[in-house]
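Report on the structure
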Amino acid sequence: MMTRTPLARRGFLAAASTLAAAPALAQSASTLLNVSYDPTREFYRAFNTAFVAHWTSLGQPRPTISTSHGGSGRQARAVIDGLAADVVTLALAYDIDELAERGLIAREWQGRLPENSSPYTSTIVLLVRRGNPKAIRDWGDLLKPGVSIITPNPKTSGGARWNYLALWAWALRQPGGSAATAEQAVTQLFRQVPVLDSGARGSTTTFVQRAQGDVLLSWENEAHLALQEFPQAGLEIVYPSLSILAEPPVAVVDRNVDRRGTRALAEAYLQHLYTPESQRLAATHFYRPRDRAILAEAGTRFPALELVTVQDVFGGWGGAQRTHFNDGGVFDRIYRPGR
Amino acid sequence: MTAAATALRPARVGRATGRRALPGLGLSLGVTLAWLGLIVLIPLAALAIKPWQIGISGVVAVLLDARVLAAFRLSFGAALLAAIISLPLGLLFAWVITRYRFPGRRLLDALVDLPFALPTAVAGLAMTALLANNGWLGAPLAAAFGWQIAYRPVGVLIALVFVALPFMIRSVEPVLRDLALEGEEAAATLGATRMQTLWRVVLPALAPALITGFGLGFGRAVGEYGSVIFIAGNMPMATEIAPLLIVTKLEQYDDAAAAAIGLAMLVLAFLILLALNLLQRWVRRGRA
């Protein structure tokens, strides 16, 4: 979750002021609310500044851009409940699909922008303590006895769902791997989780500041951020042999932009994410840029590792969500008593 | 005498003709009921209607789920325990600030209200930082006794005592302040021991206030979310509170299940508060 309430509150205030200001500003269309997921705060703070400069250089009035951050599911929920987001930049397509299901966004949203509407990608890595005392090199090492693992709750956190699916994909790939062995692996992993936060940022806090657990399953960018923010902690990033290609998607919230008259601004905002300048900015914030040239520029910042997609392994988010995370799914079985 | 009697007359006449000494009853009653309807009854009615879209069997299935039951046990159990712990602590605290004069008393008095004003998330974060096994208090406790407090049910309990205690203190304090010292002195002159005075004179007079404080503290604790989620660890079947489960269901877009849990919490809390209310009336009647 947020860092924690202050930012939640800031998001709420931003939302509230946007709501209050909406009628007056409908004509000038100079406010924009980006409802995003947990670890994107730093990136969007920088991107917003860059976008405002770009937009005003086109002779447009200076827009006020607010962002709100939280667990991806929670954020989508807030938009469903009436938070007047102009754009959503969430952790996974499923959460935007839920908005589409409720008529807030056109159903074919994912085809409206390049690269499945994911301007940057990320993956899941393992963050360990100084000197890697538990000798964690790959997913299999997590399942050893005595290793305590921190991850957010897949029910509420997009990042946690990627964590879970990455482990599942790895387990399928092992000799003799099947759905049954993969289920054993995730069950074993969650047995070794002492604290389940509701969002990625909350788990980072729990791992780094509260010193819980031996390893944090983390977004690649969040892991780098933790290294930067807490240099004295001596944390180390371990790249597993295989991980998942996380494609955090973005979309304009059609119903809100049409009501508020902010469509042009909102579309320009999202398209600007694909410019070389923004791709470079994403890379400096440890999101893997889609632009191959800029990815190459970044060099060793993004070590190559085998990345599988949700489409390949799980047949898309709809199926993955139903099988694994919905009530009564595989994840719920982990916590069923008597197992 | 007659003048006084006639002076009293108009009110009596007024009552007979349906008029009151103070004006505006109709208006104020109307406003009160409208507000009550708007901010209490309508949301509650919405909550009561929402769950049934998954059918009675759906609601029953949600509520009998092992994970939901575990969350209920934790939420209600810890809230009751927190209220029970607050009872002697709150009484002691109220006693100290009303009956003794010492330097810093006013400061202490003001500190009691702090949990009312402090965002509960701040309190939760502070307690977690303090009690986690690398915290100022948590580290020595872990080293000396091997205790872990944060991310355990006991952490939940501590957070709930923190939010419940001020209600207990503030309920008891005014009654204690108004309780004439003469009563205690009279008991002493009639030969009562200090224990007897406390047990037979002071506590019975405080009982209704104690019950009020207990009810308020319990009610506050059972619905507490902000501070608890930080210290609880939020593990299904172990440290997951019912309000968190509601939020989780909402984030899974399962509104009906969330409403079902909410409604069940409401009904349970209402029954417990009703029982406390009846107990209070019985205590009052016993004294009258």
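Please read these numbers as outputs of a predicted model, since none were measured by experiment.

Section: the overall build of chain A
A tally of helices and strands in chain A yields 17 helices and twelve strands. In terms of overall size, chain A behaves like a compact globule, its C-alpha atoms giving a radius of gyration of 20 Å where 339 residues would be expected to give roughly 20 Å. Each principal axis of the C-alpha distribution contributes one length, and for chain A these read about 60 × 40 × 35 Å. Each of the 339 residues in chain A was classed as buried or not, and the buried ones make up 61%. Within chain A, contacts between residues separated by at least 24 positions form 75% of all contacts whose residues are at least 6 apart in sequence. Surface summary for chain A: the accessible area is close to 12,500 Å², and the carbon and sulfur share equals 54%. Distance from the positive charge centre (35 side chains) to the negative charge centre (30 side chains) of chain A: 5 Å.

Structural notes on the sheet that holds strand β8 (residues 236–238) of chain A
Residue and element names in this part refer to chain A. Taken in spatial order, the four strands of this open sheet run β6-β7-β5-β8, and their pairing is mixed. Pairing within the sheet leaves two strands with one partner each, and these edge strands are β6 (149–150) and β8. Where strand β5 (residues 124–128) and strand β7 (residues 215–219) come together, five bridges link them in antiparallel fashion. Counted as the bridge partner of Ile 124 is Trp 219 from β7. Most of the contacts of helix α10 (residues 220–229) go to β7, to which it runs at about 120 degrees, and overall it touches β5, β7 and β8.

As for the environment of Ser122(A)
Residue and element names in this part refer to chain A. Note that Ser 122 resides in the loop between β4 (120–121) and β5. According to the relative accessible area criterion, Ser 122 is buried, its value standing at 0%. Here Ser 122 is in contact with Trp 219, Glu 220, Asn 221, Ile 244, Leu 245, Ala 246, Pro 248 and Tyr 287, once residues within four sequence places are set aside. Reaching out from Ser 122, the side chain makes a polar contact with the side chain of Asn 221 at a distance of 3.4 Å.

Structural notes on the UniProt feature "domain: ABC transmembrane type-1" (unreviewed entry) in chain B
Look at the UniProt record and you will see "domain: ABC transmembrane type-1" (unreviewed entry) annotated at residues 72–280 of chain B. Note that residues 72–280 of chain B is 79% helix and 0% strand, and that its end C-alpha atoms are spaced 26 Å apart.

Notes on the confidence of the model for chain B
All names here are of chain B. Per-residue pLDDT for chain B has a mean of 87; in total, 92% of the residues score no lower than 70. Confidence drops under a pLDDT of 50 for residues 1–15, and excluding neighbours within four residues, the segment shows one contact in the predicted structure. Among the prediction metrics, the complex's ipTM stands at 0.72, with pTM recorded as 0.79.

Some thoughts on the pattern of salt bridges
When the charged atoms of two side chains with opposite charge come close together, those side chains can pair. As enumerated under the stated definition, the model contains 31 salt bridges over all chains in all. A salt bridge links Arg333(A) to Glu183(A); its shortest N-O distance comes to 2.9 Å. Of the two residues, Arg333(A) sits in helix α17 (residues 330–334) while Glu183(A) sits in helix α8 (residues 179–191), which places them 150 residues apart along the sequence. Its relative accessible area of 30% is what places Arg333(A) among the partly exposed residues. Using a relative accessible area of 15% as the deciding quantity, one classes Glu183(A) as buried. In this structure, a network of salt bridges that share partners links the residues Lys155(A), Asp327(A), Asp332(A), Arg67(B), Glu240(B) and Lys249(B).

Description of the side chain of Asp95(A)
By the secondary structure assignment, Asp95(A) is in helix α4 (residues 93–101). Buried Asp95(A), no salt bridge; nearest opposite-charge side chain is Arg161(A), N-O distance 4.3 Å. Ignoring any residue separated from it by four or fewer positions in sequence, one finds Asp95(A) in contact with Ser72(A), Gly73(A), Ala76(A), Leu90(A), Arg161(A) and Tyr253(B).

Brief notes about unusual backbone geometry
Despite not being glycine, Ser117(A) shows a phi value in the positive range, around 60 degrees. Structurally, Ser117(A) can be placed in helix α5 (residues 114–117). Ser117(A) sits in the buried class, given a relative accessible area of 0%. Notably, Tyr253(B) is not glycine yet its phi reads approximately 65 degrees, a positive angle. Inspection of the secondary structure assignment puts Tyr253(B) in the loop between α13 (242–251) and α14 (255–287).

Observations regarding the interface of chain A and chain B
It is common to give the size of an interface as the accessible area lost on bringing the parts into contact. Contact with chain A, which involves 32 residues of that partner, is made by 29 residues of chain B. Here chain A packs against chain B, burying approximately 2,500 Å² in sum over the two surfaces, 52% of which is carbon and sulfur. Interface area lost by chain A to chain B is led by Arg77(A), Arg210(A) and Tyr335(A), which between them contribute 24%. The interface formed by chain A and chain B contains four salt bridges. A salt bridge links Glu251(B) to Arg74(A); the nearest nitrogen and oxygen atoms lie 2.5 Å apart. Scanning the region where chain A abuts chain B turns up ten residue pairs in polar contact (both at pLDDT 80 or more). Of all the secondary structure elements, the ones that give two or more residues to the side of chain A that touches chain B are α1 (5–25), α3 (72–80) and α4 of chain A. Here the residues of the side of chain A that touches chain B sort into 13 nonpolar, seven polar and twelve charged.

Side note on helix α3 (residues 55–64) of chain B
An α-helical turn contains 3.6 residues, so any two residues separated by three or four positions project in the same direction. All names here are of chain B. Among the residues making up α3, those that are buried are Gly 58, Val 59 and Val 62. Along the axis of α3, the buried residues cluster in a sector spanning 95 degrees; they form a single face. Turned more than 90 degrees away from the buried face of α3 sit Ile 56, Ser 57, Ala 61 and Leu 64, all of them exposed.

Points about the domain arrangement of chain B
All names here are of chain B. Splitting chain B by domain gives domain 1 (22–54) and domain 2 (65–287). Computed from C-alpha atoms alone, the centre-to-centre distance between domain 1 and domain 2 is 28 Å. Each partner contributes residues to the interface: domain 1 has eight residues there, and domain 2 has eight residues. Counting each side, the surface lost to burial between domain 1 and domain 2 is near 610 Å², with a carbon and sulfur contribution of 89%. When residues of domain 1 are sorted by the area they lose upon contact with domain 2, Leu 47, Lys 50 and Pro 51 head the list and together hold 61% of the total. Our enumeration of links across domain 1 and domain 2 arrives at zero salt bridges. The interface formed by domain 1 and domain 2 holds zero residue pairs in polar contact (both at pLDDT 80 or more) in total.

What to know about the UniProt feature "transmembrane region" (unreviewed entry) in chain B
Residues and elements named next belong to chain B. The sites that UniProt annotates as "transmembrane region" (unreviewed entry) are residues 21–46, 52–70, 77–97, 117–137, 149–169, 198–218, 225–246 and 258–279. End C-alpha to end C-alpha, residues 117–137 measures 24 Å, and it is 62% helix and 0% strand. Annotation note: span residues 198–218, helix share 100%, strand share 0%, distance between end C-alpha atoms 25 Å.

The rules behind each value
Throughout, residues of each chain are indexed from 1 in the direction in which the sequence is written. Starting at A for chains and at 1 for ligands, labels are handed out in the order in which the entities are written. Residues qualify for local features only when their pLDDT is at least 70, as the model is predicted, and side-chain atom pairs are given and counted only at 80 or more; totals for whole chains, interfaces and linings, by contrast, use all residues. With hydrogens and water stripped out, all remaining heavy atoms of the structure feed into the side-chain values. Under the DSSP-based scheme used, a helix requires at least four consecutive residues in state H or I and a strand at least two consecutive residues in state E, with every element numbered from the N terminus. The globule rule used for comparison is 2.2 Å times the number of residues to the exponent 0.38, while the radius of gyration itself is calculated over C-alpha atoms. The classification of residues rests on relative accessible area computed with a 1.4 Å probe and restricted to protein chains. Under 20% of the type maximum is buried, over 50% is exposed, and intermediate values are partly exposed. By definition, residues are in contact when any of their heavy atoms lie within 4.5 Å. Method for areas: the Shrake-Rupley scheme with a 1.4 Å probe, in which residue coverage is limited to the protein chains shown. The charge count treats Lys and Arg as positive and Asp and Glu as negative. His and the chain ends do not count. Charge coordinates come from a single atom per side chain, which is NZ of Lys, CZ of Arg, CG of Asp or CD of Glu. A pair of strands is labelled paired if DSSP reports no fewer than 2 bridges between them. Angles run from 0 to 180 degrees between N-to-C directions of axes, and those axes are lines fitted to C-alpha atoms, restricted for helices to the stretch in contact. Residues adjacent in sequence count toward polar contacts only when both atoms are side-chain atoms; beyond that, a polar contact is any pair of N or O atoms within 3.5 Å, and within protein one must be able to donate a hydrogen and the other to accept it. UniProt positions are given in the numbering used here, feature names are shortened, and annotations may be inferred rather than shown by experiment. Note on scores: pLDDT gives the predictor's confidence for each residue, bounded by 0 and 100. Each salt bridge in this description consists of a side-chain nitrogen of Lys or Arg and a carboxyl oxygen of Asp or Glu lying within 4 Å of one another. Here the quantity called buried area is the accessible surface, traced with a 1.4 Å probe, that two parts lose on coming together, added over both. Just so you know the grouping, Ala, Val, Leu, Ile, Met, Phe, Trp, Tyr, Cys and Pro go in nonpolar, Asp, Glu, Lys and Arg go in charged, and all remaining residues, Gly too, go in polar. Arc definition: it is the arc formed by the directions from the helix axis to the C-beta atoms. An automatic or database domain assignment is the source of the domain bounds shown.

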